Amino acid sequence: MAAVKEEAQLFPEIIEAPRYSCAMGGAYSAALATFGSVPILHSGGGCGFAQNFGQSFASGLNSPGPVGGASTPCSTLVEEHVIFGGEDKLRKLIDSTLNLMPGDLYTVISACVPNLIGDDVDSVVSEFKDRASIIHVKTAGFAGNSYKGYELYFDAVIDQLLQKQPVKNRTVNILGVVPTQNLFWKGDLRNIKEHLNKIGVEANIIFGDLNGFDALNRIPAAELNLVFSIWGINPAKKLEERFGTPYHIFPSLPIGPKDSTAFLQTVGHKLDIDDAVITKVITAEEKDAYRFTEYIGNVLVVAIPHAYYAVVADSSTAIAITQYATNELGFNPEVVIVTDDPPEEYRDTITHNLTENLESVLKPNVVFEVDSHKIRLLLRNYTVQVVFASSLERYISEKELGGALFLGVAFPAYDRLIVDRSYVGYRGGLNLMEDLMVKYGGPL
Amino acid sequence: MINLKENTCPTREQRGNGLNAFFGKASELIKEVKDGKTGNQERAFQQTSGCLLNFYLTQRVMTIHDSVMIVHAPVGCSVVGLGYREVFRKVPVSLGRTDDYDFHWLTTNLNEKDVIYGAGDKLKHAIKEAQARYNPKAIFVLASCTTGIIGEDIAGVVEEIQPEIKAKIVAIHCEGIRSKLIQTGYDAFWHGILKYLVKKPTRKQKDLVNVASMLSYTWQDRQEITRLLAKIGLRPNFVPEFSTIEQFEMLSEAAVTAPICSSFTEYLSKGLEQEYGVPYFLYPSPVGVKHTDEWLRSVAYYTGKEKEVEKVIAEEHDEWLPKLELINKEFEKIGNGQDINVLGSLGQGRLLTQVPFFNELGVKTPAAICLDFDDLVVDETEKLIEEVGDFDILVNTFQAAEVAHHTRRYNPDIALTCPFQGSAYKRDKGATRIHSNRGDARPWSAQAGYKGAIAAGNFLLQTTKNRSFQKTMLEKTPDVYNEWWYQQSDPLYFVNKEAK
């Protein structure tokens, strides 16, 4: 295999197997994660079908839900629409969808074709405003990746749906946990909600809430927005501009007791919760979590003590895993490859969060790389015992990285089913260790 | 007539009078198609169900050995390719999977700038990058809706840059907007193969049998076909998945092109005959005992193995017919005097294979659902009706709401759903998958040849033994459609009946 050329490339966006879909794919995933809403794709016929395999199934072998995949209404545009316009077809599609498919909210997502041919989707959508709650997310696939689509979904929700309302104390929205791109979004959001509940804070997780439309509508009522990745920052800023809701950015979701405690303390401080309340909760939770951590001691010390490890993941997952593996499991970080193509303005902060506050002597090399081939070549420069990555690295870990133990923590994951699983919170790290050691298990 | 001087194939609409909506008797469908009365229709309600690029090509083209797939498109068009490093890994090397393979694909990742200024230079660069990085034998360039609309001259770029590139570049015009019939994507792929890769024969290989098949036939099916051909002294040349570039180059040297999915293979078969005189047949495929007999006999006819084949068929019957009889008896017992009805969602090719096979198992298919239909396999469908009698057919590009409607109306004992057909499995009665995929190496999932006939028969029996998952999910989760929908008499309620 030829080495990758070092000189600056003319077209750096030509890449092997980037770990995300397009803006349409991201917005569609967000719409499907808003339970009770029906997405309507204004696109070519394969757009939704491709996301079925490439966004849902790739995210821990998931089905896309009742209105996803082959069930999603789609205008299926072909040449005649390119020539004559797709507006009429969309109009008929929305009308028929309203008759056929029950929903609280209809989300029209316009993809490449209508944006190239200049369909006036907004005006078609506005014709239906009196019949149903309906919004339009304008997301040409060429406008960006899945994460961009997540932002565009919130843009549409904020601009077209949300209304100013009284603020409800001790309520927060959870932002930045991107459905499907975060493999564990369902379990993680539930987990965060339960943790906050312990200190008397009500969290609106939005995605995965059984009444997604209500969840969207009550976003402006939050006292504070909690952001758990860089991809939640733009929605949080927009909500602050529009409704005055302040926000706080966490570099990642918390994995394990140390980060969970820091997380609850921060929220407690932000919302003026009595210290005694927080202390009581974190003391009990830590005692519980560490008592059960006793059970992983032997296998950890015998099988993978002080393991050198590599991480290949989106920025927030990479931070969460690195913090936990380094500061709780006693592993040594060699390299962290960040794969979600963060905007330049955030890269120093991400590097900082990956290299500071680590208990190891070693600090990891941080590389921002989206090309799966280059990632593979990079990994070969390291000797590690554990690889936390996407399933793209699974066989590479076995065959090219000296049989390193592999755990899928980042998109895509074609090698495991993920529905309720979560590594977040006090006991989340125990789940992570259970899953990692499956690959090792056997008599000594 | 296939014109390889053209950049690509005609669409199935143009070439085969293809149609995307029909409901009625199979005999009427054939009559209409023959009379040229049909054509595509527009739907007022439609669901996403695949395009030329994203039904098959982005999942599997990159599994060709020593090749690189370049998807000339925005980043989302190739996202299903993310399984590329894992797709065949579960097939044990002991079952014939080579271990020394390494797949690659690139996206040109078109952005807002590209759609304004064009992306020809970017494609050139991607081709150079593919050559420099991977030194492949072939580079496949796949087009998309976006490149179609902004008017990218892909064939021109390929022609211009080929002299600088060692790998053979294959341009595939699979723009999603080209056709309402996704099978046009198969033809576009084969056109590229015929135009750029297949070489003039340097010799004829009298024992070589071309077999082109969809991903829906499993690894075991490959094994079974290999086994049967070997017994009469022949070798299969399996394309396109997981094959080498040499295997494409020598398609012209084979003794015959045999079908496993007739509709998938049709363009390649005709092209090889027209250009290189390789004979072909399209019916039957080796699914079920009787059709496997006939398939082997047809292969033997073109390879001069008529005597050997009868001996093999007799041997195989001795082994497998008693097992088929056991399956028949069990279905008879379950039916208890009544027919067991099976409803399948099938591709046009599978329609021809599966319906007679069900009869052989002792179950009935009073109705079928078919992806699309064209006159390219109309003679074969006539043979099918002769064989099994007339039946109701819904042609509907696998529109999920129409499938749900049709399934509720016929209320079959067993509904066979295509993978990823949403909630179609939720039923009171039997439901299971119609097929598994190529990466599945379990004997349990086999469907082709004699071994596959018995495995698939037992698989179908298995579905009758427990219905708790589908029943529970039906009971406990809401339907996706309003009840009003099921009260309409016509599953094609939303189809504009005027042909377009």
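Reading guide: rules and limits
- Residues numbered from 1 in each chain as written.
- Chains lettered and ligands numbered in written order.
- Predicted model: local features only at pLDDT ≥ 70, side-chain atom pairs only at ≥ 80, totals over all residues.
- Helix = DSSP H or I, 4+ residues; strand = E, 2+ residues; numbered from the N terminus.
- Rg over C-alpha atoms; globule rule 2.2 N^0.38 Å.
- Buried ≥ 20, exposed ≤ 12 C-beta atoms within 10 Å, placed from the backbone.
- Contact = placed C-beta atoms within 7 Å.
- Nonpolar A, V, L, I, M, F, W, Y, C, P; charged D, E, K, R; others polar.
- Pairing = 2+ DSSP bridges.
- Domains from an automatic or database assignment.
- Axes fitted to C-alpha atoms, helices over the stretch in contact; angles between N-to-C directions.
- Core = buried A, V, L, I, M, F, W, Y, C linked by C-beta atoms within 7 Å.
- Expected span 1.5 Å × (residues − 1).
- Arc of directions from axis to C-beta.

### Section: the overall build of chain A
In terms of regular secondary structure, chain A is built from 18 helices and 13 strands. Taking 444 residues into account, the globule formula puts the C-alpha radius of gyration at 22 Å, and chain A, at 22 Å, falls close to it. Across the 444 residues that make up chain A, the buried fraction comes to 57%. Put simply, of all contacts in chain A between residues at least 6 apart along the chain, 73% involve residues at least 24 apart.

### What to know about the interface of chain B and chain A
Across the boundary between the two partners, chain B contributes 64 residues, which contact 65 residues of chain A. Per element, the largest residue contribution to the side of chain B that touches chain A is 6 residues, and it comes from helix α5 (residues 120-134) of chain B. Here the residues of the side of chain B that touches chain A sort into 30 nonpolar, 24 polar and 10 charged. Sheet topology places strand β1 (residues 15-16) of chain A next to strand β3 (residues 104-107) of chain B; 2 bridges connect them, and they run antiparallel. Bridge pairing links I15(A) to T107(B) in β3(B).

### Some points on the domain arrangement of chain B
The extent of an interface is frequently quoted as the accessible surface area lost upon association of the parts. For chain B, the assigned domains are domain 1 (53-178), domain 2 (208-308) and domain 3 (320-487). Distance between the C-alpha centres of domain 1 of chain B and domain 3 of chain B: 35 Å.

### A few points about the sheet that holds strand β4 (residues 138-142) of chain B
Strand order in the open sheet formed by 5 strands is β1(A)-β3(B)-β2(B)-β4(B)-β5(B), with mixed pairing between adjacent strands. Only two strands of the sheet have a single neighbouring strand rather than two, namely β1 of chain A together with β5 (168-172) of chain B. As paired elements, β4(B) and β5(B) share 5 bridges and run parallel to each other. Following the sheet pairing, V141(B) is matched in β5(B) by A171(B). α5(B) rests against β2 (67-71), β3, β4 and β5 of chain B of the sheet, and its axis sits at about 155° to β2(B).

### Re the nonpolar core
Core analysis: the biggest nonpolar cluster contains 293 residues, and I174(A), V311(A), I70(B), I139(B), V141(B), L142(B) and I172(B) have the highest contact counts within it. Looking at this core, the element that brings in the most residues is helix α1 (residues 23-33) of chain A, giving 8 residues. The residues contacting V141(B), other than those within four sequence positions of it, are I70(B), H72(B), L123(B), I154(B), V158(B), I169(B), V170(B), A171(B) and I172(B).

### Considering helix α11 (residues 256-270) of chain A
Helical geometry: 3.6 residues make up each α-helical turn, so side chains three or four residues apart lie on a common side. All names here are of chain A. Here α11 spans 21 Å end to end across 15 residues, near enough to the 21 Å set by a 1.5 Å rise per residue. For α11, the set of buried residues is G256, P257, D259, S260, T261, F263, L264, V267 and G268. Positive backbone phi, at 55°, marks D272, one or two positions downstream of α11.

### Examining helix α2 (residues 26-34) of chain B
Residue and element names in this part refer to chain B. Listed in full, the buried residues belonging to α2 are A26, L29, I30 and V33. One side of α2 carries all its buried residues, which in axial view fall inside an arc of 95°. Elements in contact with the buried residues of α2: β1 (22-25), α15 (378-388) and β11 (392-395).

### Considerations on the pairing of strand β12 (residues 414-417) of chain B
All names here are of chain B. Judged by which residues are buried, β12 turns out to be covered on both faces: I414 and L416 on one side and A415 and T417 on the other are all buried. Two strands pair when backbone bridges link them, and strand β9 (residues 342-346) and β12 are joined in this way by 3 bridges, in the parallel orientation. Across the sheet, the residue bridging to G344 is L416, located in β12. Where β12 lies against strand β13 (residues 430-433), 4 bridges are found, and the strand directions are parallel. Bridge pairing links A415 to A431 in β13.

### A word on the pairing of β2(B)
All names here are of chain B. Within β2, 5 of the 5 residues are buried, which leaves it mostly tucked inside the rest of the structure. Going residue by residue along β2, you find S67, M69 and V71 tucked away on one face and V68 and I70 tucked away on the opposite face as well. Bridge analysis of β2 against β3 gives 4 bridges, and the strand direction is parallel. Paired with V71 across the bridge in β3 is T107.

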